[in-house]
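# Structure assessment
The primary structure of each chain is shown beneath.
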Amino acid sequence: MSVDALLVQFLNGLAGASTLFLLAVGLSLIFGVTRIVNFAHGSFYMLGIYIAYSLTARIGGSVLGFWGSVVLAALAVGLLGVIVECLLLRRIYRAPELFQLLATFALVLIARDAALAIWGPEDLLGPRAPGLKGAVEILGRQFPQYDLALIFIGPAVLGALWWMLTRTRFGVLIRAATEDREMVGALGVNQAWLFTAVFGLGTLLAGLGGALQGPREPANLGLDLMGIGDAFVVVVVGGMGSIPGAFLAALIIAEIKALCIAIGTVHVFGFDFSFSKLTLVVEFLVMAVVLIWKPLGLLGKPSAASRNSSAVEAPLAPPDKAAKIFGYAVLVLLLLLPVVGQMFPYAVVLMIDILVAVLFAASLHFIMGPGGMHSFGHAAYFGLGAYGAGLLMKQFSMPMEAALGLGPLLAAAGALLFGWFCVRLSGVYLAMLTLAFAQIVWSIAFQWDEVTGGSNGIIGLWPAEWLNQKAAYYYLTLALTVGGVLFLWRVLLAPFGYALRAGRDSPLRADAIGINVFNYQWMAFVLAGTVCGVAGSLFAFSKGTIAPDVIHVGRSIDGLVMVLLGGVQTLAGPVVGAALFTWLQDAVAREFQYWRAALGVAILLLVMVFPLGVAGSVKRLLRRREVAA
Amino acid sequence: MSLLEVNGLTKAFGGVRAVSEVGFTVEAGEILALIGPNGAGKSTCFNMLNGQLRPDSGSIKLGGVSTIGLKPRRVWRMGVGRTFQITATFGSMTVRENVQMALLSHRGRLKNLWVRAREQYVAEADALLARVGMREQAERPCSVLAYGDLKRLELAVALANAPKLLLMDEPTAGMAPKERIELMALTADIVKSDSIGVLFTEHDMDVVFRHASRMIVLNRGQLIAGGVPAEVRANPEVQRIYLGSRH
Ligand SMILES: Nc1ncnc2c1ncn2[C@@H]1O[C@H](COP(=O)(O)OP(=O)(O)O)[C@@H](O)[C@H]1O
Ligand SMILES: [Mg+2]
């Protein structure tokens, strides 16, 4: 590695830092003022790049046209943000945090399908900036002029924001709202107006970040999730709500990435270790380290306790007689399915998927509902279970039964390790750390070719002889799922589950009556991870193939949707939600190209109209009847 | 040896001394009132006594054993029950379940993964609830209770591990005057029958003078007076800074 290579990578890092900063700063700003974690921030970024593409295609030939397009695209995205804020977010500022996350995630789904409908599925590379098409020579190496311009744009935007925050009345209000929410009310400011303006500004910045990215990266439909992942990391590392923090974090992450590329492959102890491969995961490593070391991020300040204590939950009761009879009836139907369903062999296949999803969702609900820990990376344990089983079978030549039984232990080990860090945090920070660990697991599965098969994954994972028939495997899945769910329910109704809820309801009181909340949450994390691992192992042998996408963030989010769809406050919620979600996805996805948007609309309805979820709403209805009768 | 012996207790928050060189004792069978205006440092004292805050300096001895550095859950196991100024209960549980939690924890049975929690120690929980006059509400969700009832529930929870010492931070705040007298009368009964010590804070001087065996007065983190109620009432400084501005 030479000095000039290092310098060029350093400059690359600076350009990357500008991009990251623009992508993330709006998210931090919005969170600071509204306390909304806007999952759709990456989508606004993506729309910025698409809109700029369309504009530059028409008027981008001249210098003025190009930069005009960039500004116009940013303004358009900001306007869209204002509309979204007025129509949607206003209604959910007082909703529990989890619902806000979900509502904004619904926007992600809708925005993606809208982009698909408008711009199509192809990648679209915008024209290069007129006047900045060439490269400059730095120490004998070529460096793109446009990237050089970017290096200056990032700090310029930081400076402009800083000026606004410290010198204008609007800025003073933003700072007041970020530091002390009550104060804004006291200043007699129309809070609704302030929130709308800040959301508009934040999305405008995301749009600007996207538009500026146009000449460097093709517009594509994956930018939303990639963008939000990066933005979250930057904001969490910098400290939620801190704008200088966002810049510092962007700089550190981009430079570490650049350094990894500069180092390249290193030969240590007879192994080739590729640092450039680390770039996929380095930001999540940085985030994990920062959160463990400084749980509020580099420049974060403790924010006033969340205003949104979740909705009051009714006491848990064991199932009554009617519920038990209903449960047995469902079980009988499930047992009969392969017999009755011989003419629809697909029903058994779909039912296996549903059962696996039920076990996955029930294990997530265990830590999310009663535990109060909103994991955004539960797919990690699903994936560890799947890979655990797959590796035991392929690398250690174990029989399938043993691999299925021992595979979940890898998930248990993962949960034991990650859980120890995660349960130290709470709220959004916990959500982000779980996500970070899931991304790390994902990238290990994706990159460790020799062991995990890399992006191809592991193939040929077929069940043992006696389970070869789909019906036989179905019965195995049914037994493990029913057993697993009943076990989790039993634990929730046992003292352990009560202690877990106690720690969620009032950590102060729990500690004051001798409960070590940390230990209960940690053990709950491990229990949930293990059961989730069983779901993963079952999944592996039902498909015969596993690839890194079993750990993808999309699966983690699916789990959250399942639990909330069914209702987080009821035991039956995750079961109903997982079944409904999986069935809908299967039925709708085959028929309707825009099923994601449909799902997004369904989530929005859910959040705004049925915040208790399906099972929760039914339960309340039944209770009302009882009272009326 | 006193039940509780506190010496030189000091705690500062960012340079501001919330509690400064405070010392006192609580004997078994005695009710000690800690009074003082808002912000005097009363809650901070309680938080150090039950292990929630670590004092900057000073000593706390419970039956001769130091509790400095112990977490609240350890201090609780040494026989110290606590109620909070702002009630802290388990909102997703029934009234009885709240008490059952303390009983389960006291008996070391919380790690159990199998038995039904709500079927454990029902009779004992109900007996504790009866003691504070909450037996009829045992099945109600804790989240729907009136504030005064929450305070009573907290007392029942605090009694669940048969404590030697009760720390009650404004136990009657938010109650009607009649309720206040009742609750402290009840506490006085418990003190007598179980021979425990109580340290409590209270703004209602009627309650204090009627039930406290002794009282100490805190102002800006410092103890300015102490003794039997009649003595303290006569203290001119106390009259000036506290009783004069009493609300
Ligand atoms: N965690 C804390 N951080 C900073 N200051 C605190 C904290 N807790 C209490 N204080 C300050 O210490 C002083 C005493 O507070 P407190 O003990 O609550 O008084 P009291 O209970 O007598 O009303 C007050 O000035 C309060 O603002
Ligand atoms: Mg107080």
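Residues numbered from 1 in each chain as written. Chains lettered and ligands numbered in written order. Predicted model: local features only at pLDDT ≥ 70, side-chain atom pairs only at ≥ 80, totals over all residues. Heavy atoms only, no water.

If you tally the helices and strands in chain B, you get 9 helices and 10 strands. On the principal axes, the C-alpha backbone points of chain B span a range of 60 × 40 × 35 Å. The buried share of chain B, taken over its 247 residues, is 55%. Restricting the contact set of chain B to residue pairs at least 6 apart, pairs at least 24 apart contribute 65%. Just so you have it, chain B exposes about 10100 Å², and 50% of that area is on carbon and sulfur atoms. Averaging the coordinates of the 31 positive side-chain charges in chain B and doing the same for the 24 negative ones gives two points 6 Å apart. (Helix = DSSP H or I, 4+ residues; strand = E, 2+ residues; numbered from the N terminus. Buried < 20%, exposed > 50% of the residue type's maximum accessible area, 1.4 Å probe, protein only. Contact = heavy atoms within 4.5 Å. Areas by Shrake-Rupley, 256 points an atom, 1.4 Å probe, with all protein chains shown as cover. Lys, Arg positive; Asp, Glu negative; His and termini not counted. Charge placed at Lys NZ, Arg CZ, Asp CG, Glu CD.)

Looking only at helices and strands, chain A features 25 helices and 6 strands. Taking 629 residues into account, the globule formula puts the C-alpha radius of gyration at 25 Å, and chain A, at 25 Å, falls close to it. Counting only C-alpha atoms, chain A reaches 70 × 65 × 50 Å along its principal axes. Within chain A, residue pairs in contact and separated by at least 24 positions form 79% of the contacts whose partners lie at least 6 positions apart. (Rg over C-alpha atoms; globule rule 2.2 N^0.38 Å.)

Residues and elements named next belong to chain B. Its domain assignment divides chain B into domain 1 (1-79 + 163-247) and domain 2 (92-162). Relative placement of domain 1 and domain 2: their C-alpha centres are 25 Å apart. Facing the 20 residues of domain 1 at the interface are 14 residues of domain 2. Where domain 1 abuts domain 2, roughly 1400 Å² becomes buried across the two surfaces, and 58% of that area is made up of carbon and sulfur atoms. Across the contact surface, domain 1 and domain 2 share 2 salt bridges. Ranked by the residues each element gives to the side of domain 1 that touches domain 2, the list is headed by helix α6 (residues 177-194), at 7 residues. (Domains from an automatic or database assignment. Buried area = accessible area lost by both parts, 1.4 Å probe. Salt bridge = Lys/Arg side-chain N within 4 Å of Asp/Glu carboxyl O.)

All names here are of chain B. Note on the magnesium ion (ligand 2): its protein donors are S43 (OG) and Q85 (OE1). The metal-donor distances range over 2.1 Å. On the criterion of sequence distance, the pair formed by S43 in helix α1 (residues 42-49) and Q85 in the loop between β6 (80-83) and α3 (95-106) is long-range, its members being 42 residues apart. Judged by its relative accessible area of 30%, Q85 falls in the partly exposed class. (Donors = N, O, S within 2.8 Å, 3.2 Å for Na, K, Ca; no water.)

Let us look at the interface of chain B and chain A. If you look at the interface, chain B gives 34 residues, while chain A gives 32 residues. Linking chain B with chain A are 2 salt bridges, by the criterion used here. Of the charged contacts, one joins B:R73 and A:D511 as a salt bridge, the two residues approaching to 3.4 Å between their closest N and O atoms. Split into classes, the residues belonging to the side of chain B that touches chain A amount to 16 nonpolar, 9 polar and 9 charged. (Nonpolar A, V, L, I, M, F, W, Y, C, P; charged D, E, K, R; others polar.)

A few words now on the nonpolar core. Counting residues in each nonpolar core, the largest one holds 262 residues, and the members touching the most others are A:F21, A:F366, A:I515, B:M101 and B:F200. Take this core: its biggest share by element is 17 residues, from helix α13 (residues 345-368) of chain A. The contact partners of A:F366, leaving out residues within four places of it in the chain, are A:G371, A:L488, A:V491, A:L492, A:F496, A:L500, A:A524, A:L527 and A:A528. (Core = buried A, V, L, I, M, F, W, Y, C linked by side-chain atoms within 4.5 Å.)

Our focus in this paragraph is the sheet that holds strand β10 (residues 222-227) of chain B. Think of a sheet as strands paired side by side through backbone hydrogen bonds, with each pair either parallel or antiparallel. Residues and elements named next belong to chain B. Sheet architecture is open: 6 strands sit in the order β6-β7-β8-β3-β9-β10, paired in mixed fashion. Where the open sheet ends on each side, the last strands, each with one partner, are β6 and β10. Going across the sheet, the axis of each strand differs from the next one's by a mean of 15 degrees, ignoring polarity. Taken together, the 5 bridges between strand β9 (residues 214-219) and β10 define a ladder with antiparallel strand orientation. Of the residues in β10, the one forming a bridge with L218 is L223. The strands that α6 touches are β3 (31-35), β7 (165-168) and β8 (197-201); relative to β8, the one it contacts most, it runs at about 160 degrees. (Pairing = 2+ DSSP bridges. Axes fitted to C-alpha atoms, helices over the stretch in contact; angles between N-to-C directions.)

Let us look at the site of ligand 1. Residue and element names in this part refer to chain B. Around ligand 1 sit F13, A18, P37, N38, G39, A40, G41, K42, S43 and T44, and those are all the residues in its vicinity. Interatomic distance of 2.7 Å between a backbone N/O atom of G39 and an oxygen atom of ligand 1. Note that an oxygen atom of ligand 1 is positioned 3.0 Å from one of the backbone N or O atoms of G41. Taking 560 Å² as the accessible area of ligand 1 by itself, protein coverage stands at 55%. Looking at the shell around ligand 1, the element that brings in the most residues is α1, giving 3 residues. Here the residues of the shell around ligand 1 are counted per class, giving 4 nonpolar, 5 polar and 1 charged. (Near = heavy atom within 4 Å. Polar contact = N/O pair within 3.5 Å; in protein donor to acceptor, adjacent residues only side chain to side chain.)

As a further point, take the domain arrangement of chain A. Residue and element names in this part refer to chain A. Domain parsing of chain A yields domain 1 (3-305) and domain 2 (346-628). Centre-to-centre separation of domain 1 and domain 2, based on C-alpha positions: 31 Å. Counting from both sides, the interface comprises 35 residues of domain 1 and, opposite them, 38 residues of domain 2. Both faces considered, domain 1 and domain 2 share a buried interface measuring about 3500 Å² in area, 83% of it formed by carbon and sulfur atoms. Summed over the shared surface of domain 1 and domain 2, the result is 1 salt bridge. A salt bridge links D113 to R596; the nearest nitrogen and oxygen atoms lie 3.5 Å apart. Summed over the shared surface of domain 1 and domain 2, the result is 3 residue pairs in polar contact (both at pLDDT 80 or more). Of all the secondary-structure elements, those providing two or more residues to the side of domain 1 that touches domain 2 are α3 (63-92), α4 (97-119), α9 (223-238) and α11 (279-293).

Moving on: the side chain of A:E313. Mapped onto the secondary structure, A:E313 falls in the loop between α11 and α12 (321-340). Given the relative accessible area of 12%, A:E313 is considered buried. A distance of 3.0 Å separates the side chain of A:E313 from the side chain of A:R504, its partner in a polar contact. Once residues lying within four places of it in the same chain are set aside, the contact partners of A:E313 are A:R501, A:R504, A:Q569, B:G91 and B:S92.

Here we take up the pairing of β8(B). Residues and elements named next belong to chain B. Within β8, 5 of the 5 residues are buried, which leaves it mostly tucked inside the rest of the structure. Burial of β8 is two-sided: the residues G197, L199 and T201 facing one way and the residues V198 and F200 facing the other way are all buried. Looking at chain direction, β3 and β8 are connected through 4 bridges and run parallel. By the bridge assignment for β8, L34 is matched with T201. Bridge count for β7 against β8 is 4 bridges, and the pairing is parallel. When the sheet's bridge partners are listed, L165 is paired in β8 with G197. Of the crossover connections in this fold, the one passing from β7 over α6 to the parallel β8 is right-handed. (Right-handed = clockwise from strand over helix to strand, strands pointing away.)

All names here are of chain B. Strand order in this open sheet of 4 strands is β2-β1-β4-β5, and the pairing throughout is antiparallel. With partners counted over all chains shown, the strands left at the sheet margins are β2 (16-26) and β5 (65-66), one partner each. By the bridge criterion, 5 bridges tie strand β1 (residues 4-13) to strand β4 (residues 57-62) in an arrangement that is antiparallel. Bridging across to β4, N7 finds its partner in S59. Across the sheet, α1 touches β1, β2 and β4, and the angle it forms with β1 is around 115 degrees.

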